[in-house]
Structure formats: structure tokens, C-alpha cells
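Residue strings, one per chain:
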Amino acid sequence: MPSKSGCLGRSQVPPPQPPAHTRLRPVGRMLRGHLNTDKDLALHQGSPPPDSKSPVKISTEDPQAKAKPFTPKPPPPRPKLERALSLDEKGWRRRRFQTSHEDLAAQNGASPSRGSLQEGVPGPPTHICSPPRLSTSLQEIPTTRRAPGRARRSPSSLGNSASLDLLYREGASAGNTPRLASKLPSCPLPAMDWNFASDSLRTANKVDADHADYKLHLQTRLFRAHSSLGPGQPPSPLACDHCSLHSAKSSFSLLPPVRAKDVRSRSYLEGSLLASGALMGAEELARYFPDRSVGLFVATWNMQGQKELPPNLDELLLPAEADYAQDLYVIGVQEGCSDRLASASSHRREWETRLQETLGPHYVMLHSAAHGALYVSVLLRRDLIWFCSEVESSTVTTRIVSQIKTKGALGIGFTFFGTSFLFITSHFTSGDGKVSERLLDYSKTIQGLALPKNVPDTCPYRSNSADVTTRFDGVFWFGDFNFRLSGGRVAVEAILKQDLGVSVPALLQLDQLTREMKKGSIFKGFQEPDIHFLPSYKFDIGKDSYDTTSKQRTPSYTDRVMYRSRHRDDICPVKYSSCPGIKTSDHRPVYGLFRVKVRPGRDNIPLAAGKFDRELYLIGIKRRISKEIQRQRALKTQHSSTVCTVS
């Protein structure tokens with residue numbers, strides 16, 4: 001005998017549970033917008049169908065539970081649940097985003113999108129009412145009410161009647177789309193499997209995180225957001241799945257997190273070497289250079305006043321022996337172009353553009369200066385420009401007729417972190433027997449260069465007012481010093497015919513500069529890397545042969561790079577060579593690669609504030625792009641014009 005009431009409070013034995021596929025059928029229909037018949041409703045409640053022998057008895061205790069006879073109407077057209085849910089303006093306005101506390105809960109087990117939907121789930125009913133039933137017409141849809149004081153529910157509380165009411169709550173415009181009634185049931189529906197997922201629900205709300213392909217879809221979406229950074233870069237913190245306050249703290253950022261208590265703290269060491277977080281301090285230095293050493297490239301080239309520049313500078317700036325580009329590039333030029341020519345400035349600008357074009361967008365022109373036919377260009381990696389002080393320059397003219405300015409010196413000084421650098425390019429007096437004049441040029445230079453000016457000396461108690469090279473931590477002096485090989489042309493040519501390993505040491509025995517350095521009359525405290533290349537002067541233009549003119553000048557090591565360090569072993573030479581492939585001048589360019597130790601600094605130095613030659617930067621990048629386009633077009637034309645013949 002069937003019971004007169006289906007309430008849970010009574011002790012009757014519950015009806016037998018139908019199979020899983022029978023229980024899920026009405027839910028699938030309701031999600032597709034069909035109204036269930038009495039037969040389906042009876043099957044859903046676990047009772048026999050109406051045409052069976054067991055009559056259906058309705059409890060008289062609840063007047064709302066009485067069945068109302070109605071005439072079946074043709075089923076309405078299938079509603080578009082996804083469009084209705086997405087266009088409901090009222091329902092959209094009533095949504096709210098997660099707070100930081102809710103986001104923490106979502107991180108512990110629930111996805112952010114699921115949590116935003118669960119906020120509107122009504123709380124469990126406090127009383128037991130009649131079984132759920134559908135409204136008999138589209139006009140009998142009551143207004144949904146939110147349970148007071150309940151904003152969220154755990155995933156385990158979703159399901160049965162509450163989950164059915166949730167599907168269409170505030171989901172569609174009233175009167176246009178059928179939905180379930182919001183009347184609370186008197187007894188729960190038969191239990192459904194937790195892994196139950198509906199295609200309509202997943203399509204309409206995008207929150208079915210338990211579906212098998214949800215995690216795969218989420219991973220794919222995050223991977224696409226991060227793929228723009230490249231395989232070697234960490235994912236971006238912007239590619240998160242929610243927009244709560246907790247997303248501001250991300251482990252994907254390249255920058256180290258700054259704790260609030262560190263910001264609130266005050267320290268008397270602020271701005272000093274021992275300060276934590278100082279811009280030029282040890283922590284910042286360790287972030288960029290864990291070994292506290294930078295790669296430095298120094299080159300010198302006498303252009304002989306030629307307007308024509310080599311078509312490619314890769315051999316000079318990017319030698320094959322170096323696996324990586326250097327952090328800092330300093331290039332000095334002698335006889336770049338005569339100061340009396342109107343095109344001197346344009347020639348210098350073209351030279352700087354070639355340098356920027358060759359090094360590319362990773363480097364910027366920190367500073368460039370000129371003194372007549374002497375040029376100095378300083379380029380460094382653009383992410384290091386914030387740690388450079390203001391760049392200062394000074395000049396010295398050593399020739400009697402100062403209007404020509406072909407002989408002299410040009411110095412550039414600045415501080416990088418806590419290490420001060422001085423770069424000097426010089427062009428000394430020429431002539432085989434004018435050694436004393438060259439020594440005088442050296443003395444004038446160290447006394448005449450007025451550096452530093454505004455940038456403070458990092459170690460003033462070790463400085464000498466009569467020698468500019470003592471006022472900096474690292475000094476690099478490079479240029480055309482014009483010291484020759486003594487002994488005559490015939491003796492030098494005889495040595496050059498021997499093997500390189502034998503000829504170079506023998507040639508250095510005849511070098512005037514090496515002899516004067518041993519005496520201590522020039523470049524006091526300086527060193528030179530070991531030479532393993534042939535003399536860089538004097539060649540026939542465009543050829544590998546030494547001077548074949550009537551003057552028959554003796555090949556010599558006129559172009560040199562010297563270095564001096566205030567602290568012992570702070571400068572380590574890596575490579576010292578020439579560029580035999582650049583033949584537009586009678587001199588071959590000479591370059592040196594160094595590893596230089598950098599020390600932490602104070603924040604009291606005047607910084608460059610990230611200034612660089614932006615106009616030159618843009619011109620160089622445009623040239624790189626245009627040349628690459630031309631190369632690709634030429635390659636495409638070459639492939640299209642190729643004809644395959646079979647003999």
C-alpha cells in the first residue's frame with residue numbers, strides 16, 4: 001500500500017530507486033526545454049506510472065499538492081537556453097565578482113568560475129514541503145527568492161532540487177522562455193551521481209569544472225595566454241583565471257615581491273652600500289650580475305678620412321670567437337672625417353647609425369662625442385641604462401695648429417653601479433723617429449682631461465690631480481698611438497715571412513711602445529693584452545699587402561688597447577685581435593674583449609635617468625627591418641627563378 005505522504009519526516013520505507021538512466025532522463029529533458037508529462041513525473045518520483053494498477057494518492061495535508069487537470073497543449077518551440085542566459089540584463093547586473101576571501105577559498109578546491117555561480121545558490125530548505133512539479137503554463141512562473149544570509153554553498157550541497165532551481169534562476173527573460181518553478185520541494189529528488197554533467201549546462205554557463213575536459217580546456221587557455229612569452233620565459237601574471245584581489249600576488253612575475261613591512265621600515269643605512277633595496281646596491285647588482293662582472297668590448301680604428309664605410313660591421317662588433325654579445329660597447333675612431341669638410345657631422349652620424357643597426361634593438365647609444373676627427377661611441381644593453389651615471393666628456397688638442405684637430409685625445413667618463421670608468425681615444429704624433437713627441441702627447445693628455453666633473457670620485461684618497469687615469473676605477477686607453485717597429489722595412493718583412501707564433505714575439509722585440517712602457521715613461525700602471533695578430537698598419541686599401549707605395553712605410557702595431565685597474569685583477573682580458581676583413585682604410589681595426597668586475601655603489605650619484613639617443617635607435621631598427629625584407633624578397637626571387645633541367 002503506497003504511503004499517503006512522501007515526506008522524509010515519516011518512517012515509511014522509501015520507494016525503490018530506479019536505474020541511473022531512468023533518473024537522469026527528466027533532467028536532460030528539462031535542460032532541453034521540454035515540459036514533463038505526468039508519466040515522466042511519476043517515474044521521476046519513483047512511483048509507478050498512472051496507467052498502472054496502483055492508484056496515485058495525493059496527500060490531503062498539503063492543499064498545493066492536489067493535481068490540477070489540464071488539457072495538454074502542443075509543446076512550445078525549443079528555447080535557446082544559451083542565448084537567453086547570456087542576454088538576461090537583470091541577471092547579469094545582479095552578478096558580483098569574488099572578494100579576496102572568496103578567492104582564497106576558490107584556490108583551495110573550487111575554480112573561480114564555479115564560485116561565481118555558486119554565490120547565487122539558495123540555501124537548503126529549513127522545512128520539508130511537497131514534491132516538486134512543473135508549472136502548467138508559461139505564465140505561472142513565480143519569482144525566485146534568495147535565501148537570506150546565505151551567499152555561498154559547498155559543491156556537495158549542489159544537486160537535487162536546489163541544482164534544478166539554479167539552472168534557470170534569473171537565467172531568462174520572464175514570459176519568453178520556460179523555466180522551472182522556484183517552489184521548494186517537500187522531499188528531495190532521487191540522488192544523482194556526482195559526476196553527472198549536462199551538455200546544455202556546460203554550454204550555457206561554462207562552469208562545469210567536474211567535466212572531464214574542463215581541466216584540459218583550462219590548461220589550453222592558460223597555455224595560449226603564456227605562449228606569447230616564448231618557451232624560455234615564465235608565464236605572465238596577467239594570464240589568470242579570475243580578477244580578484246588575490247591575483248595581484250603572483251609567482252610568475254620576473255620582479256621580486258616587495259613586502260609591505262619592508263616598505264614601512266626606516267633605516268639609517270638607506271642609500272648606502274649596505275642598504276637593502278638600494279638602486280645601486282649589492283642586491284640590485286646581484287640580480288643582474290651574480291658574479292659581479294660585465295662583458296666589455298673596446299675597439300679602435302683609424303679610418304684614414306675615408307667617407308666609405310664597410311657594408312658590414314659584424315666582424316668588428318660580433319667576432320666569431322665570442323659566443324655572446326657583450327654588455328658594453330665602446331668604439332673609438334681616428335681620422336673619421338676632416339673637421340673642415342661640411343659632411344663631417346653627417347659622416348659621424350652615419351657611422352653611429354651603422355653601429356646601432358649592427359647591434360640591434362637590445363642596445364642603445366648611451367653617449368657619443370667628437371673632437372674634430374676623433375669619435376667615441378658608447379653603447380650598452382638597454383636594460384642596464386638605469387644604473388649609469390651622467391656621462392661626462394673632455395678633450396685635449398696636442399697639435400700646434402689646433403684648428404685642424406686631427407691629433408689629440410677625447411675622454412668619456414661615467415659610473416656604472418659603484419665602478420667608475422674612463423675611456424680615452426687618442427691620436428698621437430706620427431713619424432718613425434718621433435718617440436719623444438708621442439711621449440709629450442701622453443703627458444698632455446693625462447694632465448689636460450678635466451674628469452670627473454659632477455660625478456663624485458669613488459675613491460678620492462687614491463686620486464692624483466696631475467693624472468686623470470688615477471681618478472677612475474677602470475681606465476681603457478685606445479687609439480692610434482703611432483709607435484712603430486724599429487729596424488727598417490727589410491728586417492720586418494723577413495720576420496713576417498715566418499710562422500705567426502714565431503714572428504709576433506720577434507716583432508714585439510722591435511716595438512717602440514713596448515720598450516717605452518718597460519722604461520716607465522708612458523702608460524704608467526697600464527697593461528696590454530697579449531698580441532697574437534699581425535701589425536695593423538700600413539696596408540694598401542682594399543688589399544692584404546702592406547704599403548707598396550714609394551714611401552714603403554714599415555708595418556707596425558700602431559693601433560693598441562691599454563687598460564688600467566685601481567683594484568688588482570678587476571679587469572681580465574679575454575680576446576685581443578684585429579679585423580683583417582675590413583679593408584676600407586690603411587689601418588685594420590683592433591678590438592679587445594674584457595671581463596670587468598663591478599662593485600656596488602651609492603645612490604648619491606647623478607644618474608642618466610635612462611636617457612639615450614632614441615632617434616638613432618629608431619633609425620637603426622628601421623634599417624634592420626628594411627634590409628631583412630630585401631633579403632627575403634631576393635631569396636624568394638632566386639627560388640622562383642630557379643629552373644630544373646633534366647638531361
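All values derive from a computational prediction rather than experimental measurement. Chains are numbered independently. Their residues run from 1 in the order of the written sequence. Selection of residues for local features in this predicted model requires a pLDDT of at least 70, selection of side-chain atom pairs for listing and counting requires 80 or more, and totals for whole chains, interfaces and linings are taken over all residues. As a convention, hydrogens and water are excluded, and side-chain values are obtained from all of the structure's heavy atoms.

Student: Give a description of the overall build of the protein that names residues and reports values.
Tutor: Across its full length, the protein carries 18 helices and 11 strands. A burial count over the protein gives 42% of its 647 residues as buried. In the protein, of all internal contacts separated by at least 6 residues, the share reaching a separation of at least 24 is 72%. Accessible surface, the protein as shown: approximately 36,500 Å² in total, 55% of it carbon and sulfur. Strands here are runs of E lasting at least two residues and helices are runs of H or I lasting at least four, both read from the DSSP assignment and numbered beginning at the N terminus. Relative accessibility decides the category of a residue: with a 1.4 Å probe and only protein chains considered, values under 20% of the type maximum give buried, values over 50% give exposed, and everything between is partly exposed. Contacts are residue-level and defined by heavy atoms, with any inter-residue pair within 4.5 Å sufficient. Only the protein chains shown count as cover for residues, and all accessible areas are computed by the Shrake-Rupley method using a 1.4 Å probe.

Student: Describe the environment of Ser565, naming the residues involved and giving the relevant values.
Tutor: Summarising the element assignment, Ser565 is placed in strand β9 (residues 559-565). In this structure Ser565 comes out as partly exposed when scored by relative accessible area, which is 23%. Put simply, Ser565 and Phe476 are 89 residues apart on the chain and 8.9 Å apart in space, counted from C-alpha to C-alpha. If near-sequence neighbours (up to four positions away) are discounted, Ser565 is found in contact with Asp473, Asp570 and Ile571. Pairs of N or O atoms within 3.5 Å make up the polar contacts considered here, provided that, within protein, one atom can donate a hydrogen while the other can accept it, and that residues adjacent in sequence are counted only when both atoms are side-chain atoms. Here the side chain of Ser565 touches His567 through a polar contact of 2.4 Å, landing on its backbone oxygen.

Student: Before we move on, could you go through the pairing of strand β7 (residues 419-427) and cite the residues and values that matter?
Tutor: Across the nine residues that make up β7, a large majority, nine, are buried. Because side chains alternate across β7, one face comprises the buried residues Thr419, Phe421, Phe423, Thr425 and His427, and the other comprises Ser420, Leu422, Ile424 and Ser426, equally buried. Strands pair, by our definition, only if DSSP identifies at least two bridges between them. Hairpin connection, strand β6 (residues 408-416) to β7: the antiparallel pair is bridged by two residues, and Phe417 has positive phi, about 55°. We call a crossover right-handed when, viewed with both strands directed away from the observer, the connection leading from the first strand over the helix to the second proceeds clockwise. The handedness of the β7 to strand β8 (residues 474-480) crossover, carried by helix α14 (residues 435-448), is right-handed.

Student: Go over the nonpolar core with me, naming the residues and quoting the values.
Tutor: Side-chain atoms within 4.5 Å are what join buried Ala, Val, Leu, Ile, Met, Phe, Trp, Tyr and Cys residues into a set we call a nonpolar core. Judged by nonpolar contacts, the single largest core of 50 residues is most densely connected at Leu296, Phe414, Phe416, Phe423, Phe476 and Phe594. What Phe476 contacts, discounting residues up to four positions off in sequence, is Leu296, Val298, Phe421, Leu422, Phe423, Ile424, Met562, Tyr563, Ile571, Phe594 and Val596. Counting 25 residues, the second largest nonpolar core, distinct from the first, contains Ala299, Ile331, Cys337 and Leu616.

Student: Can you lay out the sheet that holds strand β5 (residues 392-397) for me, pointing to particular residues and giving the numbers?
Tutor: Taken in spatial order, the five strands line up as β5-β6-β7-β8-β9 in an open sheet, and their pairing is mixed. Lying at the two open borders of the sheet, with one neighbouring strand each, are β5 and β9. Averaged over all pairs of adjacent strands, the angle between strand axes in this sheet comes to 15°, irrespective of strand direction. In this sheet, β9 lies alongside β8 in antiparallel orientation, the contact comprising seven bridges. Residue pairing for β9: Phe476 is matched across the bridge by Tyr563. Note on geometry: axes are lines fitted to C-alpha atoms, helical ones only across the stretch in contact, with angles between N-to-C directions running from 0 to 180 degrees.

Student: Before we move on, could you go through the sheet that holds strand β4 (residues 374-381) and cite the residues and values that matter?
Tutor: Here six strands make up an open sheet; going across it, the order is β3-β4-β2-β1-β11-β10 and the pairing mixed. Taken across any chain shown, the strands that pair with only one partner, and hence form the sheet edges, are β3 (363-371) and β10 (571-578). Across this sheet, the average inter-strand angle for adjacent strands is 15°, counted without regard to direction. Pairing analysis gives seven bridges linking strand β1 (residues 293-302) to strand β2 (residues 328-334), with the strands arranged parallel. When the sheet's bridge partners are listed, Phe297 is paired in β2 with Tyr329.

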